[in-house]
Structure formats: C-alpha cells, structure tokens
Amino acid sequence: MTTINDLDKNVKKIQGLAGGLASQWLAGERRSLITIDWPECTLQQAYKIQSDFVSELSKSESISGYKAAVSNSAVQKMFATTVPASGILFANNAFSTGASIALNRFQQPILETEIGYKLNANIESLFGALDPSSSLPVTAENVFEYVDAVMPVIEIADVGFSARLTSLVDLVSANTAFGGYVLGEEFALSDVDIKTLDTIAIGMSKDGEPIGSGAGGDTSGGQCGSLAWLINQVYSLGYRPKAGDYLLTGSLGKVYVGQTGVYEAVYNGLGRVDVTLT
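As a starting point, this report considers the structure included with it.

**Side note on the environment of aspartate 245**
Line of reasoning, step 1. Take aspartate 245: it is sitting in the loop between helix H8 (222-236) and strand E11 (246-248).
Line of reasoning, step 2. Taking the relative accessible area as the measure of exposure, aspartate 245 reaches 3% and is therefore buried.
Line of reasoning, step 3. When the C-alpha atoms of aspartate 245 and alanine 121 are compared, they prove to be 10 Å apart, with 124 residues separating the residues in sequence.
Line of reasoning, step 4. The residues touching aspartate 245, leaving out its near neighbours within four places in the chain, are Ile63, Ser64, Gly65, Tyr66, Tyr117, Lys118 and Leu119.
Line of reasoning, step 5. A polar side-chain atom of aspartate 245 sits 2.9 Å from the main-chain amide nitrogen of lysine 242.

**Side note on helix H2 (residues 11-27)**
Line of reasoning, step 1. Spanning 17 residues, H2 covers 24 Å between terminal C-alpha atoms, matching the ideal 24 Å at 1.5 Å per step.
Line of reasoning, step 2. Along H2, the residues that are buried comprise Ile14, Leu17, Ala18, Leu21, Ala22, Gln24 and Trp25. Considered in projection along H2, the buried side chains sweep an arc of 160 degrees and stay on one side of the axis. Opposite the buried face of H2, at more than 90 degrees from it, the exposed residues are Lys12 and Leu26.
Line of reasoning, step 3. With its phi angle positive at about 70 degrees, glycine 28 sits one or two positions after the end of H2.

**Here we look at the sheet that holds strand E4 (residues 99-101)**
Line of reasoning, step 1. Taking strand neighbours across the sheet as the criterion, the 5 strands line up as E4-E14-E13-E9-E10 in an open arrangement whose pairing is mixed. The open sheet has two edge strands with one neighbour each: E4 and strand E10 (209-215). The mean inter-strand angle of the sheet, taken between neighbouring strand axes irrespective of direction, is 20 degrees.
Line of reasoning, step 2. Looking at chain direction, strand E9 (residues 201-206) and E10 are connected through 6 bridges and run antiparallel. When the sheet's bridge partners are listed, isoleucine 202 is paired in E10 with glycine 214.

Conventions we followed
- Residues numbered from 1 in each chain as written.
- Predicted model: local features only at pLDDT ≥ 70, side-chain atom pairs only at ≥ 80, totals over all residues.
- Heavy atoms only, no water.
- Helix = DSSP H or I, 4+ residues; strand = E, 2+ residues; numbered from the N terminus.
- Buried < 20%, exposed > 50% of the residue type's maximum accessible area, 1.4 Å probe, protein only.
- Contact = heavy atoms within 4.5 Å.
- Polar contact = N/O pair within 3.5 Å; in protein donor to acceptor, adjacent residues only side chain to side chain.
- Expected span 1.5 Å × (residues − 1).
- Arc of directions from axis to C-beta.
- Pairing = 2+ DSSP bridges.
- Axes fitted to C-alpha atoms, helices over the stretch in contact; angles between N-to-C directions.

Structure (structure tokens):
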C-alpha cells in the first residue's frame, strides 16, 4: 500500500513525469509509458501523475467533465484489474454531432460509443454541504437527482503511446488516453426513462455500413452504478464536478480503429451521433 510518505518522497519524480506527458500532449507526440522509467509506480501514484498532468494542461485548457475507462469486464481483464479508471475531459477537445475532425489531431485514435450525462446545479449543493472526509456521497439510487440531460456520445480515445499499452498505471497517468468526444443531441432527463438505459441498443456504422453494436448495460454496474461510481471517484481525487459538466460512463460494445470516413452511432430511444474523420 502506498503511504503519504511514499508520495512525498516521489513528488519531484511525479512532477517530472507529469510535465513530460503534458509536453508530449501539447506537442502532438506519442506519450511515454511511465512504467518504463518507473516500474514500481503504483496506481495511487499514477493518479497523482494524472492530477499534475491535468493541472499543467489546465493552464491553457478548461475542464469540461469526467470520464470512466476500463469500465467493462473484458477490458478490465486486459489490464488485470477489477475496477474502472477515471480521467478528465477538456473543452478544447469537445465536438458536436456532425463535426469533421482531422485524423492528424491524434496519434492513434479509437472510437467508442458511450452514454453521456450533463450535471445540474444540485451537484454543487451536494458538494457544498459535504464534510470533506465524506465518502460515497452519491449512490445508484439517487444519482439522477444530479443529472440535467442525457445524450449519445462518441468518445475518441488516443492510444498513441511509445510502446504497446498494457498497464493500468500507464493508462491512468496519461489521463486514460483521452483524445476528444462528440456529443449528440441532449435529451432532458424528464424525457428519458432511466429504467431502460441499460437496454438501449447501439449500432455503429462507417460510411453507411454496419461495423458493430453495443448496449447501455455493457458497463460494469450498469449506467446508474457506473455514473455514481464516476462522481464518487473524481470527488475522492479532489475534483468538484459542477453544473454543466459532462460525464461519460465508459465504452459500450466494440471499439473502432479511427480511419478516414463517416461514423454514425444510432441509439434506440436516444437519438444518434456522427462524426467525420478526415
């Protein structure tokens, strides 16, 4: 188990690695694998690297929300874990459905179909009233008290690393490979039957040809559980989600290698979202 002293004595190392990742991100370069330079780096230390990385990027980019990653059992098996990971969304890399995005913006893009949520002002009241030592302030039963809208999303993860990515520590350190996200039409929470979110069927096509499918319940814990986990997770890391922030609960179904073409995801009962990669 990592102790406070372990974190303290590695502050300079953590800052240096985070600074290197931030420089690579800003320069559009492949990111280094932390475990090559620091094989013994723990997951707790990886989240500290991510925090410093995000702080550096926040000097020029604004946080627009939070994302879950490694959120289904198949991917968790690949990374030898039983829990999801979290990362930060940046507004500079947010797009609306119908957007045209250059592939050279990314090193190695993959597309994921997801469900997104926009928070309401109740979340700020919740955090304002909490004791800082509180844990698990949100549950699967009450999480939708803090949601304003629901929408289909295509996340663009960028897995462009200096070598093959196999370690959860490397993924977390580099902000869980965030590249960008494309938002579909927002549906007011009052217009969505939250009981059916896990049964939403999703079909993905490229240039009009079907290439894969997924369902809302493909995340471990389902949509309610995944959303509550994500809010509690980022709160435990020191972030304070606010009204208007977007939350992505993780990949649903297959992931798709980003190539030139038009990608469209159709969600049964939740509209559609499309993006053109050029």
